[in-house]
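Each chain, written out:
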Amino acid sequence: MKKFLTFILLLAVVPSLLAQGFDFEGKMKLAQKGDANAQNEIGEYFADGGQGKFPPDYMSAVKWWEAASKNGSARAITNIGVLWYMGKGVPANRHKAVQIWTEAAKLGDAEAQYLLGQAYSGGLGVLPDIVTAVFWWDKAAQQNHAKAQCNLAFAYANGKGVDKRDLKKAFELWKASAEQGNTTSQTYLGLCYFSGDGVAPDLKKAIAIWTNASDFNNREARRYLGIIYATGKGVKKDIKKAMEYFRLSASQGDEEAKKYYEQLRLDNASNVNLKIKK
């Protein structure tokens, strides 16, 4: 493909791994006995505000994560790094966050490896270094980390930080990530099927994948579906449906979708040039 989205640099506050019905008392008993995983989860519980029961308690979270890290939890180390990055419970210090993530990444934590890739890709706390970013994304992707797989796919699609551009490899990575529910990967997997990049063209698959991503509120997928229905490529032409997809995408901040919506609203599909950009 000739044109791709730039690397995603989203960095969430400590990602909660807590399911509904978290057994706080049971986990606390294990944590007090020195169970590193339980200590980490207790820390996440406090950072998460007890699943909305109270304001996030980062000081308590740090206390439990420090205990968990001493007992061998690499994920607890990663979580501490996120707090340093965000300045939650500790002074904000991106450089220190990167140092902490490096420690956790070397211990094999996939989330830390992914976050290190983010840091090196965006120059967050370190000098930008796309080769190093790709190195860590690859480590995380090998552990089936969906976001790392997605970003690594962009690297191969653009030929940046890798030995050579490889659209087949990009397709394979987006497919692996998409199968885990990553809607960005689903959107670009659909684009691969639409364009025939790294895989044989299959318009029906592209539309089905974009429809799924749209159901999970992906604005790019909605824009692409708008173009599909406006042009009647692979589906029965349906301007009303196209406008609805453009409206939904535009409401999420997609400027191209907003432009297409206005064109259709004013021109009712006459003299409107809608193309899916590759």
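Each chain carries its own residue numbering, running from 1 in the written order of its sequence. In keeping with the model being predicted, local features are shown solely for residues with a pLDDT of at least 70 and side-chain atom pairs are shown and tallied solely at 80 or more, while totals for entire chains, interfaces and linings include all residues. Only hydrogens and water are set aside; all other atoms, that is, all heavy atoms of the structure, feed into the side-chain values.

Draft legend 1. Here's a closer look at the overall build of the protein. Secondary structure elements are taken from DSSP: a helix is a run of H or I of four residues or more, a strand is a run of E of two residues or more, and numbering for both begins at the N terminus. Assigned secondary structure in the protein consists of 15 helices and 0 strands. Burial status follows relative accessibility: with a 1.4 Å probe on protein chains alone, a residue under 20% of its type maximum counts as buried, one over 50% as exposed, and anything between as partly exposed. Scored against the burial criterion, the 278 residues of the protein give a buried share of 49%. We get accessible surface area from the Shrake-Rupley algorithm with a probe of 1.4 Å; when it comes to residues, only the shown protein chains can shield them. By element, 49% of the accessible surface of the protein is carried by carbon and sulfur atoms, the whole surface being about 13800 Å².

Draft legend 2. How the structure looks around the packing of aromatic side chains. The criterion for an aromatic pair is that two Phe, Tyr or Trp rings (for Trp, the six-membered ring) have centres within 6.5 Å, with stacked assigned to planes under 30 degrees apart, edge-to-face to planes over 60 apart and tilted to the rest. Here the structure, examined in full by the defined rule, presents 16 aromatic pairs. Summarising the aromatic geometry, the rings of Phe 154 and Trp 174 are spaced 5.2 Å apart at their centres and angled 85° between planes, so their arrangement reads as edge-to-face. Placement of Phe 154 in helix H9 (residues 146-158) and of Trp 174 in helix H10 (residues 167-178) is noted, with a sequence separation of 20 residues between them. The class for Phe 154 is buried, based on a relative accessible area of 0%. Plain terms: the ring middles of Phe 246 and Tyr 260 are 5.4 Å apart, the flat faces sit at 50° to each other, and that makes the pair tilted. Note that Phe 246 is positioned in helix H14 (residues 239-251) and Tyr 260 in helix H15 (residues 255-267), a separation of 14 residues in sequence.

Draft legend 3. Region of the structure containing H10. Its 12 residues give H10 an end-to-end C-alpha distance of 16 Å, which sits within 8% of 16 Å, the value for a rise of 1.5 Å per residue. Regarding H10, the residues found buried are Ala 170, Phe 171, Leu 173, Trp 174, Ser 177 and Ala 178. Looking straight down H10, one finds its buried side chains confined to an arc of 165°; they lie on one side. Here a polar contact is recorded for every N or O atom pair within 3.5 Å, except that within protein the pair must consist of a potential hydrogen donor and a potential acceptor, and residues adjacent in sequence are included only if both atoms are side-chain atoms. With a side-chain oxygen positioned 3.2 Å from the backbone nitrogen of Lys 168, the residue opening H10 is Asp 166. One fewer than the residue count of a helix, multiplied by 1.5 Å, yields its expected span. The directions considered for the arc run from the helix axis to the C-beta atoms.

Draft legend 4. Main features of the nonpolar core. Residues enter a nonpolar core if they are buried and are Ala, Val, Leu, Ile, Met, Phe, Trp, Tyr or Cys, with the set joined through side-chain atoms within 4.5 Å. Trp 101, Trp 174, Trp 210 and Phe 246 are the most contacted members of the largest nonpolar core, which totals 84 residues. Per-element accounting of this core gives the leading share, 8 residues, to H9.

Draft legend 5. Structural detail: helix H2 (residues 36-47). End to end, H2 covers 16 Å across 12 residues, agreeing with the expected 16 Å (1.5 Å per residue, within 8%). Counting buried positions over the 12 residues of H2 gives 10, a clear majority of the element. Of the positions making up H2, those classed as buried are Ala 36, Ala 38, Gln 39, Asn 40, Ile 42, Gly 43, Glu 44, Tyr 45, Phe 46 and Ala 47. Only heavy atoms enter the contact rule, under which two residues are in contact if any of them lie within 4.5 Å. On its buried face, H2 is in contact with helix H1 (24-32), helix H3 (49-52), helix H4 (58-70) and helix H5 (74-86). With a side-chain oxygen positioned 3.1 Å from the backbone nitrogen of Asn 37, the residue opening H2 is Asp 35.

Draft legend 6. Representation of the pattern of salt bridges in the model. Salt bridge criterion: a side-chain nitrogen from Lys or Arg within 4 Å of a carboxyl oxygen from Asp or Glu. Enumeration over the complete set of coordinates arrives at 8 salt bridges. The residue Glu 41 makes a salt bridge to Lys 27 at a minimum N-O spacing of 3.3 Å. With Glu 41 in helix H2 and Lys 27 in helix H1, this residue pair connects regions lying 14 residues apart in the sequence. The salt bridge partner of Glu 220 is Arg 223, with a shortest N-O separation of 3.8 Å.

Draft legend 7. Focus on unusual backbone geometry. The backbone of Gln 51 shows a phi angle near 60°, a positive value even though the residue is not glycine. Assignment of secondary structure puts Gln 51 in helix H3.

Draft legend 8. View of the packing of H5 against helix H7 (residues 110-122). Close contact between H5 and H7 brings their axes to 8 Å; oriented N to C, the two are set at 35°. Contact with H5, carried on its side by Arg 75, Thr 78 and Val 82, involves Glu 111, Ala 112 and Leu 115 of H7 and no other residues of that element. Each residue gets one label: Ala, Val, Leu, Ile, Met, Phe, Trp, Tyr, Cys and Pro are nonpolar, Asp, Glu, Lys and Arg are charged, and the others, such as Gly, are polar. A class-by-class count of the residues in the contact of H5 with H7 yields 3 nonpolar, 1 polar and 2 charged. To get an axis, fit a line to the C-alpha atoms, keeping to the stretch in contact for a helix; angles then go from 0 to 180 degrees between the N-to-C directions.

Draft legend 9. View of the confidence of the model for the protein. Confidence of the prediction at every residue is given by pLDDT, a number between 0 and 100. Residues at a pLDDT of 70 or more form 89% of the protein, whose mean pLDDT is 90. Confidence drops under a pLDDT of 50 for residues 2-17, and excluding neighbours within four residues, the segment shows 46 contacts in the predicted structure.

Draft legend 10. Structural view of the environment of Ala 140. The residue Ala 140 is located in helix H8 (residues 130-141) in this model. By relative accessible area, which is 0% here, Ala 140 ends up buried. Setting aside residues up to four positions removed in sequence, Ala 140 forms contacts with Ala 110, Gln 113, Tyr 114, His 145 and Ala 148.

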